[in-house]
Amino acid sequence: MALLCLAIGTIFIADTLTDYEIAVAVFYVTTVLIASAFLSVRGVLACSIACCALTVCSVILNDRGAYQAGLINCMLSICAISATTYLALQRSSALQAEQTSRSQLVRLSRVSTLGELATSIAHEVKQPLTGIVASASACRNWLSSEPPNVTRAEQAVARIIADAGRACGIVDRVRKLSKRASPEAEWVDAEILVADVVSLCRRELDRHDISVVTEVIDGPAIVFADVVQIQQVLINLILNALEAMAGTKRPSAMGVTIGIAMQEESAQITIADTGPGIDGHRLDEIFDPFYSSKEDGIGLGLAISRSIIESHGGRIWAKSDLVSGAKFIFTLPARQIGETQTSFPIATSVGRRDSD
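Residues numbered from 1 in each chain as written. Predicted model: local features only at pLDDT ≥ 70, side-chain atom pairs only at ≥ 80, totals over all residues. Heavy atoms only, no water.

**Student:** Hey, could you go over the overall build of the protein for me, with residue numbers and the actual values?
**Tutor:** Counting secondary structure elements, the protein contains nine helices and seven strands. Excluding contacts between residues fewer than 6 apart, the proportion of contacts in the protein whose partners are at least 24 apart in sequence is 76%. (Helix = DSSP H or I, 4+ residues; strand = E, 2+ residues; numbered from the N terminus. Contact = heavy atoms within 4.5 Å.)

**Student:** Hey, could you go over the side chain of T331 for me, with residue numbers and the actual values?
**Tutor:** Structurally, the position occupied by T331 is in strand β7 (residues 325–336). On the basis of relative accessible area, T331 is assigned to the buried category, the value being 12%. (Buried < 20%, exposed > 50% of the residue type's maximum accessible area, 1.4 Å probe, protein only.)

**Student:** I'd love a proper account of the packing of helix α8 (residues 227–246) against helix α9 (residues 301–311), names of residues and values included.
**Tutor:** Their axes nearest at 10 Å, the elements α8 and α9 cross at an angle of 145 degrees. When you trace α8 past α9, the crossing you get is left-handed. On α9, the residues that touch Q229, I230, Q232, V233, N236, L237 and N240 of α8 are G301, L302, I304, S305, I308, I309 and S311. When grouped by side-chain class, the residues that make up the contact of α8 with α9 number seven nonpolar, seven polar and no charged. (Axes fitted to C-alpha atoms, helices over the stretch in contact; angles between N-to-C directions. Left-handed = near helix turned anticlockwise from the far one by under 90°. Nonpolar A, V, L, I, M, F, W, Y, C, P; charged D, E, K, R; others polar.)

**Student:** Give a description of helix α3 (residues 41–61) that names residues and reports values.
**Tutor:** Across its 21 residues, α3 extends 30 Å between first and last C-alpha, which sits within 8% of the 30 Å expected from 1.5 Å per residue. Among the residues of α3, those classed as buried are V44, C47, S48, C51, C52, T55, S58 and V59. Along the long axis of α3, the arc covered by the buried residues comes to 135 degrees, so they all point the same way. Counted as exposed and oriented over 90 degrees from the buried face of α3: R42, I49, I60 and L61. (Expected span 1.5 Å × (residues − 1). Arc of directions from axis to C-beta.)

**Student:** Mind laying out the nonpolar core, listing which residues take part and the relevant values?
**Tutor:** The biggest cluster of nonpolar side chains holds 47 residues, and the ones touching the most others in it are I230, L234, F328 and F330. If you list the elements that add at least two residues to this core, you get α7 (190–207), β3 (221–225), α8, β4 (255–263), β5 (266–273), α9, β6 (316–321) and β7. If one sorts the elements of this core by residue count, α8 sits on top with 11 residues. Ranked by size, the runner-up nonpolar core spans 15 residues in total, among them A25, C51, C52 and L89. (Core = buried A, V, L, I, M, F, W, Y, C linked by side-chain atoms within 4.5 Å.)

**Student:** Kindly report on the confidence of the model for the protein, identifying the contributing residues and their values.
**Tutor:** Caution applies to low-pLDDT regions: their predicted coordinates should not be interpreted in detail. Per-residue pLDDT for the protein has a mean of 79; in total, 78% of the residues score no lower than 70. Every residue in residues 348–356 is under pLDDT 50, and counting partners more than four places away or in other chains gives 32 contacts. (pLDDT = per-residue confidence, 0-100.)

**Student:** Mind laying out the environment of V197, listing which residues take part and the relevant values?
**Tutor:** Within the element layout of this structure, V197 appears in helix α7. Given a relative accessible area of 1%, V197 falls into the buried group. Note: C-alpha distance between V197 and I230 (33 residues apart in sequence) is 9.5 Å. Excluding residues that lie within four positions of it along the chain, V197 makes contacts with Q231, L234, I235 and I238.

**Student:** Could you give an account of the packing of helix α2 (residues 28–38) against α3, naming the residues involved and the relevant values?
**Tutor:** The contact between α2 and α3 brings their axes to 9 Å, and the two run at 165 degrees. By the angle between their directions, the pair α2 and α3 is classed as roughly antiparallel. Taken as a pair, α2 and α3 cross one another with a handedness that is right-handed. Touching Y28, T31, V32, A35 and S36 of α2 are V44, C47, S48, C51, L54 and T55, all from α3. (Parallel < 35°, antiparallel > 145°, perpendicular 65-115°, else oblique.)

**Student:** Describe the packing of aromatic side chains, listing the residues and the values that go with them.
**Tutor:** Scanning the model with the defined rule gives one aromatic pair in all. Plain terms: the ring middles of W187 and F224 are 5.1 Å apart, the flat faces sit at 55 degrees to each other, and that makes the pair tilted. With W187 in strand β1 (residues 186–189) and F224 in strand β3, the pair connects residues that are 37 residues apart, well separated along the chain. Note on accessibility: W187 and F224 belong to one class, buried. (Phe/Tyr/Trp six-rings, centres within 6.5 Å; stacked < 30°, edge-to-face > 60°.)

As structure tokens, then:
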């Protein structure tokens, strides 16, 4: 803001002290462009009006050169300022619309992913609910016995509370994945993050008889990330691996390996499958929007995943071996346990805080 005021003041002084024939006021357009980068619409309009007013003041205060030329330059400068203001506001509006659309697209992709996991989520919720019913029945039996076995009944109630907590945890994870939210980064254990995602995908993996192995190299990695968004990336990559292996001719060898490795100030997470792999010439195209090898695919999953990872300051890429399968690798800012915590900027282009 101080730089903007300094620029306006400098242009005003220069315009006032130079001849009418020199259209110094046209440089006010640069201040309008600077203002549009960080001010609201009202702020940009106020800056534009101030620049126009200062242009007129300079003409009034100046007494050098041909006055008629000064009036013409004044009118041209005001037209230039007005046109620049209009274009700058149009650009800001377009950027805001793009950000809103991207946020909605990310959320729709997330909800679509949850739809694919509906069976797995229902199965995971059913387990603690079944435990609650069994424990409640046992509690009733212990209390109706003569004499009532209060100790066993208390144990049954404790199991009910634990199972209810598990069910609430599952519902809470699904709710976080489905709601609109801006990136809220925190330090989290990468292995726990991966375990939660595998738990959500467990039913689908078991249904296709696919094993999952998690390998942690160089000790536990604590990543700085928005948990919900990275879960979305992991779920998408795991489901892609599952679909890739669905038609494999090696059903006994189907499996997903998730590797977590520390590399200086970042953690590298690898999702490897034993599917047919990816053609080498397609490795640079698969992250492009609307590119899909599936007949019913819309080609947004990997594009959104790349957007999320890059907003965290990491990068994502793919490797492929037509013999051993495909690997998707991404990095996140990280530290090892015991190291000093440091915050990293997370871009907000992939999400925006809204009320539920």
